[in-house]
Each structure stands twice: as structure tokens, then as C-alpha cells.
Amino acid sequence: MSSIIDVRHVHKAFGGLKVMNDCSLQVEQGSITGLIGPNGAGKSTLFNIIAGALPLDSGQVLLDGEDITNQSANALFHKGLLRTFQIAHEFSLMTALENLMMVPPQQAGENLFEAWFKPARVNRQEAEVRRRALEVIDFIGLYHVRNELAGNLSGGQKKLLELGRTMMTDARVVLLDEIAAGVNRTLLGDLVNNIGRLNRELGYTFLVIEHDMEMIARLCHPVIVLAQGSVMVEGSIEEIRNNPQVIEAYFGSAA
């Protein structure tokens with residue numbers, strides 16, 4: 001397999017605090033790669049740099065061989081690189097189904113001229129978007145709440161809805177930021193199953209920040225450990241769990 005994300009010698013500091021320190025890693029196409037590390041290791045900062053939400057100071061980020069360093073999140077969205085957030089970002093006063101229908105870009109109904117003078121085209125496209133949204137909401141197991149306001153969904157259902165939004169685009173790489181946070185074990189099982197299906201059936205590549213080691217163990221290979229802004233070690237979850245450096249980074253030398 002070839003790498004679809006290639007992070008090369010990335011540095012990032014906030015004032016005098018160096019957060020990313022010569023960080024280099026690769027995410028293989030078609031993989032579900034875990035990204036773990038103690039608090040303050042730089043995981044979220046690295047996510048924000050890759051996703052175009054934060055400029056780096058030096059270094060380079062490539063997407064499938066293309067230099068995307070410091071490109072905007074909007075530009076990366078159109079290249080198929082998307083992210084979810086630790087706290088779900090739903091349109092709370094729209095239904096779950098409408099949240100999905102909002103995602104596809106450049107819809108004809110967004111153009112005033114098209115809406116006024118080409119209503120048939122607008123209606124056809126909206127019907128197709130709705131059909132796709134119904135397929136997606138069924139896939140993620142939320143069909144029964146499709147007409148519920150998104151703000152009324154549980155935390156786990158909102159995380160599933162975020163995952164569904166990635167399916168309304170031509171996603172290639174999805175960055176998942178602590179998707180298990182605040183999710184009950186039943187819905188967490190649904191999340192894990194859906195991520196696995198998207199990877200196997202649709203070829204999605206995932207990079208996953210997660211503190212839930214059970215979820216990492218079920219989903220991810222390889223696992224990359226960050227510490228003090230750079231990669232400490234990479235390997236299988238078994239190798240990571242038994243690595244003395246990782247144990248010390250998480251628990252201190254007394255461990």
C-alpha cells in the first residue's frame with residue numbers, strides 16, 4: 001500500500017511553547033490508523049494542521065502525493081479530506097435527514113438564478129440528494145430518528161450523524177477526533193461497526209485520535225504514539241501496549 005497522508009518534519013509552536021517537534025508520519029491508503037498519546041502530546045494540533053484548521057511553522061503535509069501544506073479546510077473538503085470533532089457540530093434546529101442533505105456542495109438550489117428560472121433542475125437534484133441521504137441514514141442506523149431535530153439526538157447519535165455526513169461527499173480520508181467521547185457502549189459498538197464497514201466496503205482511510213484503548217484495539221492497525229510533539233513508536237496495539245517507552249510516557253517511570 002502507498003501512503004495517502006504524508007506528514008514531513010512538521011514544527012508548530014505557540015509563543016515559546018513548542019507543540020509539534022519535527023513530527024513525521026505516514027497514513028497508508030485503506031488503513032484505519034490510530035493516533036494515541038498522553039495529554040499534551042500534540043495529537044489535536046497535528047489533526048488541525050492536517051485538516052487545514054491551523055497553519056504549521058515549517059514542514060510539509062501531502063495528500064496522495066500532492067502538497068496540501070496550509071491549504072484551507074474548505075479546499076481540503078473538495079479534495080476528499082474531512083474531519084469530525086470531539087464535540088459534534090450539528091445543525092440543531094434541522095432534522096437529522098436535513099443535516100445530511102446540507103452537505104453536498106454546489107447544489108443548484110443554493111443559486112438564486114437556478115432557483116427562480118430552473119426549478120425542475122433544482123427539484124431533480126434535491127430529490128437525488130434526499131435519496132442519497134435516506135440511504136446514508138439507514139446505513140448508520142438512524143433511520144428511525146430521520147425526522148427528529150438533530151439537537152434532540154443523544155451524544156452517540158450525533159456522532160453517528162457526523163460520520164454519516166462524511167458519506168454525503170466523495171470522502172477519501174476521514175480524521176476522527178475522539179469519536180467515542182460521551183458515547184454509550186451500545187452506540188459505540190454501532191460506531192465501530194460503521195467505521196469498519198466504510199473502510200472495507202467503500203475504501204475510506206481513517207486516522208483516529210482516541211483515548212478508548214478498547215476501540216483502538218478493535219479498529220486500528222497500525223497505531224502511532226505521539227509524545228512531546230513527535231512520533232515515539234508505531235506498531236500493532238499489542239506492540240504498543242508492551243512497549244516500555246509508551247508505558248513510561250503514559251504512567252511515568254514508577255510504572
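Computed from a prediction, not measured in an experiment: that's the story for all the values here.

A look at helix α1 (residues 43-50)
Thinking step 1. Buried residues dominate α1, accounting for 6 of its 8 residues.
Thinking step 2. Taken together, the buried positions of α1 are Lys-43, Thr-45, Leu-46, Phe-47, Ile-49 and Ile-50.
Thinking step 3. Two residues or fewer past α1, Gly-52 is found with a positive phi of approximately 85°.

Remarks on helix α7 (residues 185-202)
Thinking step 1. Counted at 1.5 Å a residue, the expected span for α7 with its 18 residues is 26 Å, and the 25 Å between its end C-alpha atoms agrees.
Thinking step 2. Taken together, the buried positions of α7 are occupied by Leu-187, Leu-188, Gly-189, Leu-191, Val-192, Asn-194, Ile-195, Gly-196, Leu-198 and Asn-199.

Some points on the environment of Phe-47
Thinking step 1. Summarising the element assignment, Phe-47 is placed in helix α1.
Thinking step 2. Overall, Phe-47 belongs to the buried group, its relative accessible area being 0%.
Thinking step 3. As for Phe-47 and Leu-175, which are separated by 128 residues in sequence, their C-alpha atoms are 7.3 Å apart.
Thinking step 4. Contacts of Phe-47, omitting those with residues within four sequence positions, involve Leu-35, Arg-83, Leu-175, Leu-176, Asp-177, Leu-207, Val-208 and Ile-209.

Quick look at the layout of surface pockets
Thinking step 1. Approximately 550 Å³ is the volume attributed to the largest pocket.
Thinking step 2. In terms of lining, the largest pocket is formed by 20 residues, of which the most central are Phe-77, Leu-82, Arg-83, Phe-85 and Arg-165.
Thinking step 3. Of all the secondary-structure elements, those providing two or more residues to the lining of the largest pocket are α2 (73-78), β6 (81-83) and α6 (155-166).
Thinking step 4. Ranked by the residues each element gives to the lining of the largest pocket, the list is headed by α2, at 4 residues.

Conventions we followed
By convention here, each chain's residues receive numbers from 1 onward along its written sequence. pLDDT decides what is reported in this predicted model: residues at 70 or higher carry local features, side-chain atom pairs at 80 or more are listed and counted, and totals for whole chains, interfaces and linings draw on all residues regardless. Values shown for side chains rest on all heavy atoms present in the structure; no hydrogens or waters enter the calculation. With a 1.4 Å probe rolled over the protein chains alone, any residue whose accessible area is under 20% of its type maximum counts as buried; one over 50% counts as exposed, and the rest are partly exposed. Going along the chain from the N terminus, every DSSP run of H or I of four or more residues is numbered as a helix, and every run of E of two or more is numbered as a strand. Every helix has an expected span of 1.5 Å times one less than the residues it contains. Any two residues having at least one pair of non-hydrogen atoms within 4.5 Å are treated as being in contact. The rule is simple: put a 1 Å grid over the protein atoms alone, call a set of points where a 1.4 Å probe fits but cannot get out a cavity, call an open set with protein on both sides within 12 Å along at least five of seven lines a pocket, and count a residue as lining if it has an atom within 4 Å of a point. Grid points are joined across faces, edges and corners, and a volume is the space filled by probe spheres set on the points.

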